[in-house]
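Fold and contact review
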Amino acid sequence: MAAGAMAAGASCPACGSSALVEDAHYAQQQLVCAACGCVLAEGLLTTTYTEEEHLREVAYSQSTGRKEQLSRCMQRGIRRVQDLCKVLQLPSVFEETAVSYFQRAFQHPSFHLVSLEKKELLGGCCVFVTCRQHNWPLTMGTVCSLLYAKKELFASVYLSVQKELELSVPALSLMDLVKTHLNSFRLFQRAADVPAPFVEDKEKMVARTMQIVELASETWLVTGRHPVPIVTAAAFLSWQSLQPAARLTCTLARFCKVAGVDLPPPAHLRLKELHEILLRMASQLAWLRVFKMDKKMAVKHIGDLLQHRMFLLKKSFCAEDAEEQRAGAQGEGSPGAAREETRPSEGKRQRDGGRRPLLPPCLIAPKKRLRTAAPSASDLAITGDEPISDSEIEQYLRGREEIRAFSRAKAWP
């Protein structure tokens, strides 16, 4: 009830006095007892959108105050999205898309009851999704560093936004990741905390790093691995090879410290694997065989190794096809003689530097034995003596000699 309606013919329920006066307190009309100070009634907070023109007092649950509180939260989130876009120097189209995604996520029921920490990451996830959709190179670590957020928590919110809003997000290519990761290096401009031998031209370093990453991809060093340690190791090698005389004594840890980037723990392993690949390739260069080959010597000649990359990879790693061709060139000899001919001698193995097939590291040096499921009853019933049908026999042929023998058997009248 309004204060004006109670003023006429009313008495104070506390002391029974009829000396009731109207008092404007904080722009709200209140009915107060002049004798004891009891507040009998007070004006309501605000009005609904439809009744604002008529200045009618309504309950707070029906007023604009509740809606304005929600809109303030949304406006604060939108400002956070806009500020993040300005820090990243994104185009205005990206900002509009990110804001629209944030509004959809803010109003989605799945994000109403999440923790405040997750709600604060919604804006960063929307910016990250927008950049990925526009093929703008941006890593999750960059956004987490700007928002002071944990990567695991940010990843969970990002996956929830992608799922609930049904957004299609393309994956970031490895080459784009190289450019983005090297943008954070403090080696391309002279500074007080960066020694002069550490400063390098950005375009040269990015180009050579991308070539080393391509080499790592062709030698199975990328498959199933986290890309950041590989890119870090490749950047270190490219930086060393551009000025080897002054940089070969620098360690990977010091390089990352001066560059202002974190050193991922597996980066040392990726660097060791790259050194092994480069050493194998360097052993095939004729003008390097007169030197004592070590990893420093291989780093000095990375430019030559990358220039003849395809040829050196074929020479450094034996291929099964080449072995089969040499076996087939022996003619119609006995199978035992063919097997002995295809098996390389010990002296040849030493001359080739212990050549091996180009396989993933997990197959060359497995760390643990894979668990196999228990055989079923149908598997136990197979003895290996079952007949092979003519349509399946080609799947069991091995080598050119067996193919020729099978062709002669089919042509026999």
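Residues numbered from 1 in each chain as written. Predicted model: local features only at pLDDT ≥ 70, side-chain atom pairs only at ≥ 80, totals over all residues. Heavy atoms only, no water.

**So, the overall build of the protein**
Counting its secondary structure elements, the protein contains 22 helices and 3 strands. Taking all 413 residues of the protein together, 34% fall into the buried category. Excluding contacts between residues fewer than 6 apart, the proportion of contacts in the protein whose partners are at least 24 apart in sequence is 59%. Taken as a whole, the protein presents about 26300 Å² of accessible surface, with 54% of it coming from carbon and sulfur. (Helix = DSSP H or I, 4+ residues; strand = E, 2+ residues; numbered from the N terminus. Buried < 20%, exposed > 50% of the residue type's maximum accessible area, 1.4 Å probe, protein only. Contact = heavy atoms within 4.5 Å. Areas by Shrake-Rupley, 256 points an atom, 1.4 Å probe, with all protein chains shown as cover.)

**Points about unusual backbone geometry**
For Q89, which is not glycine, the phi dihedral falls at a positive 55°. Locating Q89 in the fold gives a position in the loop between α2 (64–87) and α3 (92–107).

**Points about the pattern of salt bridges**
Here the structure, examined in full by the defined rule, presents 6 salt bridges. Ionic pairing is found between R186 and D193, a salt bridge with its closest N-O pair at 2.7 Å. Given a relative accessible area of 45%, D193 falls into the partly exposed group. Counted as one network, the salt bridges with shared partners bring together E214, E218 and R309. (Salt bridge = Lys/Arg side-chain N within 4 Å of Asp/Glu carboxyl O.)

**A look at α3**
Given a rise of 1.5 Å per residue, 16 residues ought to cover 22 Å, and the 23 Å separating the end C-alpha atoms of α3 matches this to within 8%. All of the buried residues in α3 are F94, E95, T97, A98, V99, Y101, F102 and A105. (Expected span 1.5 Å × (residues − 1).)

**With respect to the nonpolar core**
Judged by nonpolar contacts, the single largest core of 50 residues is most densely connected at F185, L187, M205, L237, W239 and F255. Within the residue set of this core, elements represented by two or more residues are α8 (174–183), α9 (202–218), α10 (227–242), α12 (252–259), α13 (267–282), α14 (295–300), α15 (302–307) and α16 (309–316). When residues in this core are grouped by element, the largest group, 8 residues, is from α10. Those residues in contact with F185 that sit more than four places away from it in its chain are M205, A235, F255, A259 and V261. Among the nonpolar cores identified, the runner-up in size contains 34 residues, and M74, A98, F111 and L122 belong to it. (Core = buried A, V, L, I, M, F, W, Y, C linked by side-chain atoms within 4.5 Å.)

**A look at the side chain of S17**
Secondary-structure assignment places S17 in the loop between α1 (3–7) and β1 (20–25). A distance of 3.1 Å separates a polar side-chain atom of S17 from the backbone nitrogen of A19. Discounting chain neighbours no more than four positions away, the residues touching S17 are S11, C12, C33 and A35. (Polar contact = N/O pair within 3.5 Å; in protein donor to acceptor, adjacent residues only side chain to side chain.)

**Considering helix α5 (residues 122–133)**
With 12 residues, α5 extends 17 Å from end C-alpha to end C-alpha; this agrees with the ideal 16 Å at 1.5 Å per step. Of all 12 residues in α5, 11 are buried, a share of seventy percent or more. Listed as buried for α5 are L122, G123, G124, C125, C126, V127, F128, V129, T130, C131 and R132. The first or second residue beyond α5 is N135, which carries a positive phi of 55°.

**Some points on the packing of aromatic side chains**
Both the distance between ring centres and the angle between the ring planes are used here to describe each pair of aromatic rings. Counted according to the given criterion, the structure contains 9 aromatic pairs. Here F128 and F154 contribute two aromatic rings whose centre-to-centre distance is 6.1 Å and whose plane-to-plane angle is 75°, an arrangement assigned as edge-to-face. One end of the pair, F128, is in helix α5; the other, F154, is in helix α7 (residues 151–164), and 26 residues separate them in sequence. For F154, a relative accessible area of 0% puts it in the buried group. Both rings, one in F185 and one in F255, keep their centres 5.9 Å apart while their planes meet at 65°; by these two values the pair is edge-to-face. Of this pair, F185 sits in the loop between α8 and α9 while F255 sits in helix α12, and the two are 70 residues apart along the sequence. Following the ring pairs from residue to residue traces out a cluster consisting of F185, F198, F236, W239 and F255. (Phe/Tyr/Trp six-rings, centres within 6.5 Å; stacked < 30°, edge-to-face > 60°.)

**Let's talk about a nonpolar patch on the surface**
A contiguous nonpolar surface patch, about 260 Å² in accessible area, is contributed by L359, L363 and I364. Of note, L359 is situated in the loop between α19 (346–351) and α20 (361–364). (Patch = residues over 30% accessible without salt bridge, like charges linked within 9 Å, V, L, I, M, F, W, Y side chains within 5 Å.)

**Describing the packing of α10 against α12**
α12 packs onto α10 with a crossing angle of 95° between their chain directions and a minimal axis gap of 11 Å. Comparing the axis directions of α10 and α12 gives the class roughly perpendicular. In contact with T232, A235, F236 and W239 of α10, α12 contributes L252, F255 and C256. Class assignment for the residues of the contact of α10 with α12 results in 6 nonpolar, 1 polar and no charged. (Axes fitted to C-alpha atoms, helices over the stretch in contact; angles between N-to-C directions. Parallel < 35°, antiparallel > 145°, perpendicular 65-115°, else oblique. Nonpolar A, V, L, I, M, F, W, Y, C, P; charged D, E, K, R; others polar.)

**Some points on the packing of α5 against α7**
Where α5 meets α7, the axes come as close as 9 Å, and the angle between the chain directions of the two elements is 65°. The orientation of α5 relative to α7 falls into the category roughly perpendicular. Like other packed secondary-structure pairs, α5 and α7 cross with a definite hand, here right-handed. Mapping the contact onto sequence places L122, G124, C125, F128 and V129 in α5 and F154, V157, Y158 and V161 in α7. Looking at the contact of α5 with α7 residue by residue, the class counts come to 8 nonpolar, 1 polar and no charged. (Left-handed = near helix turned anticlockwise from the far one by under 90°.)

**Quick look at the confidence of the model for the protein**
In this model, the protein carries an average pLDDT of 77, and 73% of its residues clear a pLDDT of 70 or more. Within the model, pLDDT remains below 50 along residues 1–7, and this stretch shows 15 contacts once partners closer than five positions in the same chain are excluded. Across residues 319–353 the pLDDT falls below 50, and counting only partners more than four positions away or on other chains, this stretch makes 18 contacts in the model. (pLDDT = per-residue confidence, 0-100.)

**Overview of the side chain of S238**
Summarising the element assignment, S238 is placed in helix α10. For S238, a relative accessible area of 0% translates into the label buried. Of the polar contacts made by the side chain of S238, one reaches the side chain of T209; its length is 2.8 Å. With sequence-adjacent residues up to four places away left out, S238 is seen in contact with M205, R208, T209 and I212.

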